[in-house]
Amino acid sequence: MALLTKVDLEKIDKDLENNIKKIEELTKMNIISFFESIYNTKYKKEKIGIIPITSGNGIIDTFSESILYTLQIFNMDAFITNQTDVSGYYEAIKKNADIILMADDLTYLAFNLNNKKISHNQQATGRIYSEILIHSKIKKDHENEKEVLIIGVGNVGKHAIQIFLKNDYTIYIFDKNENEVKKIINQNIKIKKYNPKLEKKFIKIFEATPERDTIPEIALTSDTIVSTPGIPRAISKNLENKYNIKLIMEPLGLGTMSMIYSILK
Ligand code: 2YH
C-alpha cells in the first residue's frame, strides 16, 4: 500500500478546493449535503482528536496538519494532540474527543467513541470515489452510463466493486494481477474482465492503484469522468487535457470526510 508523503500533501488546500468544486458541479449538490445523503448522517459538533502515530515509518510531515485543515474546511471542531501514540490517545480522551483519527503504515481509522462506529480509510475511500461517479449527472444520454471501468482491484477497488454492484452497474475490471481478476469475475455475472482490444469507451472510470498512468487512452472520450484516490497520478496531464477529462483526484481529504460521515449518527 502506498504511504503518503509530504509532497503528496503539498497542495492539499488547492486540491481540496478544486475537487469540492468539481464534485458539486458533477453531482449538482452542495458537498456537505452530498456526504450527508450518502451516509444519512449529520455532523453535530462532535469533537475530533487527531493523534500522530510514530510506529513503522513514523510521523509523516504535514499528515495530521492536512487532516486538521480538511476538517476545518468542513467547519468541524478538531485538534491535533500534543502527545503521540498511546499518550496522544489518552490526551484526546481527556480533552473530550468524541471521535479519534489516527494512522499507522497499514491502517488509517476513525472511531466514534459515542456510538462505537469505526471506519477504515480504504473502505471509505472506495465508497466516496464510487459514489461521486454514481451521482454524477451525465449531460448526454449515454447508453453506457451504467457501466464503469475499475482499474486496480486491491482493497480500495474491491470496496468500489461492491458499491457499483449495489447500484446495478456492469463493471469492467483491470488489474495486473490476473489471478485476482479471474477470482473476482467468477463472483458475479455483472463483473467482466476489461479487454483494451475491444476499443470500448467509458464515461465512468474508477482507478485505485499505486502505479502511474494506468488509464488507457482507448477507454477515454470527451465525456469521461475519472475518479481516483490513486497516488501517483492515474492519468497523464497530456491525456487529461487532450480529452478534457473531468478528473476527481485528491490524496487525503475526501477519504477522510467519507470516514467521518460514515461514523456519525
Ligand atoms: O498513509 C498511510 C497508510 N498508507 C495508511 C493509509 C490508508 N489509505 N498512513 C499514514 C501514516 C501517518 C503517520 N503515522 C502519522 O503522521 O501519524
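For the structure, check the block above.
Anyway, here's the lowdown on the structure attached to this text. No experiment lies behind these values; they were computed from the predicted model shown.

### Things to note about the sheet that holds strand 3 (residues 99-103)
Read across the sheet, 5 strands follow the order 2-1-3-4-5 without closing on themselves; strand pairing throughout is mixed. Looking at strand neighbours, the two that pair on one side only are strand 2 (77-80) and strand 5 (118-120), the edges of this open sheet. When strand polarity is set aside, the average angle formed by the axes of neighbouring strands in this sheet is 15°. Note: strand 1 (residues 47-51) against strand 3, 4 bridges, orientation parallel. Bridge pairing in strand 3 places G49 opposite I100. This element, helix 3 (residues 63-73), spans strand 1, strand 2, strand 3 and strand 4 (108-112) of the sheet and lies at about 170° to strand 2. Contacting strand 1, strand 2 and strand 3, helix 4 (residues 85-94) crosses the sheet at an angle of about 165° to strand 1.

### Section: the site of the ligand
Looking at the ligand, there are 15 residues lining it, with A2, I53, I60, A103 and N121 nearest. Within the backbone of I60, one N or O atom sits 2.9 Å away from an oxygen atom of the ligand. One of the side-chain nitrogen or oxygen atoms of N121 is found 2.7 Å away from a nitrogen atom of the ligand. In the complex, 94% of the free accessible area of the ligand, which totals 460 Å², lies under the protein chains. Across the shell around the ligand, the residue classes break down as 11 nonpolar, 2 polar and 2 charged.

### A few points about the sheet that holds strand 6 (residues 147-151)
In spatial order, the strands read 8-7-6-9-10-11; together these 6 strands make up an open sheet with parallel pairing. Whereas interior strands pair on both sides, the edge strands pair on one side only; in this sheet they are strand 8 (191-193) and strand 11 (246-249). Averaged over all pairs of adjacent strands, the angle between strand axes in this sheet comes to 20°, irrespective of strand direction. Sheet topology note: the strand 9 (residues 204-207)/strand 10 (residues 225-228) ladder contains 3 bridges and is parallel. For K204, the partnering residue across the bridge sits in strand 10 and is I225. Across the sheet, helix 5 (residues 121-135) lies against strand 6, strand 9, strand 10 and strand 11, angled at about 170° from strand 9, the strand it touches most.

### Topic: helix 7 (residues 178-185)
Of the positions making up helix 7, those classed as buried are E180, V181 and I184. Viewed along the axis of helix 7, the buried residues span an arc of 100°, placing them on a single side of the element. Residues of helix 7 that are exposed and point more than 90 degrees away from the buried face comprise N179 and K183.

### Here's the deal with the pattern of salt bridges
A complete count under the given rule lists 14 salt bridges for this structure. Note that E211 and K176 form a salt bridge whose closest N and O atoms lie 2.9 Å from each other. Linking E211 in the loop between strand 9 and strand 10 with K176 in the loop between strand 7 (170-174) and helix 7, this pair joins segments that are 35 residues apart in sequence. A relative accessible area of 33% means that E211 is categorised as partly exposed. Given the relative accessible area of 65%, K176 is considered exposed.

### Some thoughts on the packing of aromatic side chains
Applying the stated criterion across every chain, the model contains 8 aromatic pairs. Judged by centre distance (5.1 Å) and plane angle (65°), the rings of F164 and Y169 are edge-to-face. Across the pair, Y169 and F164 agree in class, each one buried. Ring geometry for Y194 versus F202: centroids 5.9 Å apart, planes at 70°, classification edge-to-face. The same class applies to Y194 as to F202, namely buried. Clustering of aromatic rings is evident, with ring pairs tying together F34, F35, F74 and Y261.

### Some points on the packing of helix 1 (residues 12-27) against helix 3
For the pair helix 1 and helix 3, interaxial distance at closest approach is 10 Å and the crossing angle is 35°. Here helix 1 and helix 3 pass one another in a crossing that is right-handed. Across the interface between the two elements, I12, D13, L16 and I20 of helix 1 pack against S66, Y69, T70 and I73 of helix 3. Classifying every residue of the contact of helix 1 with helix 3 gives 5 nonpolar, 2 polar and 1 charged.

Cut-offs and rules
Residues numbered from 1 in each chain as written. Predicted model: local features only at pLDDT ≥ 70, side-chain atom pairs only at ≥ 80, totals over all residues. Heavy atoms only, no water. Pairing = 2+ DSSP bridges. Helix = DSSP H or I, 4+ residues; strand = E, 2+ residues; numbered from the N terminus. Axes fitted to C-alpha atoms, helices over the stretch in contact; angles between N-to-C directions. Contact = heavy atoms within 4.5 Å. Near = heavy atom within 4 Å. Polar contact = N/O pair within 3.5 Å; in protein donor to acceptor, adjacent residues only side chain to side chain. Areas by Shrake-Rupley, 256 points an atom, 1.4 Å probe, with all protein chains shown as cover. Nonpolar A, V, L, I, M, F, W, Y, C, P; charged D, E, K, R; others polar. Buried < 20%, exposed > 50% of the residue type's maximum accessible area, 1.4 Å probe, protein only. Arc of directions from axis to C-beta. Salt bridge = Lys/Arg side-chain N within 4 Å of Asp/Glu carboxyl O. Phe/Tyr/Trp six-rings, centres within 6.5 Å; stacked < 30°, edge-to-face > 60°. Left-handed = near helix turned anticlockwise from the far one by under 90°.

Functional significance is not addressed by these values, which are geometric in nature.
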